[in-house]
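Observations on chain architecture
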Amino acid sequence: MSLHDELTAVQHCLDDLVRTVGRLERTVAQLRAQDSATTETPGPDTPGGPGPGVITITETPYDAALWTDSDDEGLGVRGRHAF
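Looking now at the overall build of the protein. On a plain count of helices and strands, the protein comes out with 1 helix and 2 strands. Element order for the protein, N to C, with α for helix and β for strand: α-β-β. For the protein, with 83 residues in total, the buried portion stands at 2%. When the accessible area of the protein is evaluated, it comes to approximately 8200 Å², of which 60% is carbon and sulfur surface.

With that settled, consider a nonpolar patch on the surface. Taken together, the side chains of Ile55, Ile57, Tyr62, Leu66 and Trp67 present a nonpolar region at the surface, about 650 Å² in accessible area. Relative to the helices and strands, Tyr62 is located in the loop between helix H1 (3–38) and strand E1 (71–72). Judged by its relative accessible area of 60%, Tyr62 is exposed.

Let us look at the confidence of the model for the protein. Per-residue confidence for the protein gives a mean pLDDT of 78, with 66% of residues at or over 70. Summarising per-element confidence for the protein, the mean pLDDT is lowest in strand E2 (residues 76–77) (60) and highest in H1 (92).

Attention now goes to the pattern of salt bridges. If you walk through the whole model with that rule in mind, you get 1 salt bridge. The salt bridge partner of Asp16 is Arg19, with a shortest N-O separation of 2.1 Å. Taken together, the residues span about one helical turn, with Asp16 and Arg19 both in helix H1 at a distance of 3 residues.

Rules and cut-offs
Residues numbered from 1 in each chain as written. Predicted model: local features only at pLDDT ≥ 70, side-chain atom pairs only at ≥ 80, totals over all residues. Heavy atoms only, no water. Helix = DSSP H or I, 4+ residues; strand = E, 2+ residues; numbered from the N terminus. Buried < 20%, exposed > 50% of the residue type's maximum accessible area, 1.4 Å probe, protein only. Areas by Shrake-Rupley, 256 points an atom, 1.4 Å probe, with all protein chains shown as cover. Patch = residues over 30% accessible without salt bridge, like charges linked within 9 Å, V, L, I, M, F, W, Y side chains within 5 Å. Salt bridge = Lys/Arg side-chain N within 4 Å of Asp/Glu carboxyl O. pLDDT = per-residue confidence, 0-100.

Given below as structure tokens:
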């Protein structure tokens, strides 16, 4: 095989690759469009909402009484000084 024949074969392979990748990109775009059209994100009040094990965190501040006996990691208990 001459260099010209090898370069021609490589060019044909690259053309095939470009066509195949183009088809794959179009297929993926179609699948994503179908998925986004059929899938709605259910809220917590809808029947398909978050299931067991999903914890909703509210925006209300935590009760300060929860932290009265807690240790600050690496700092020790509040109100006490290191010796």
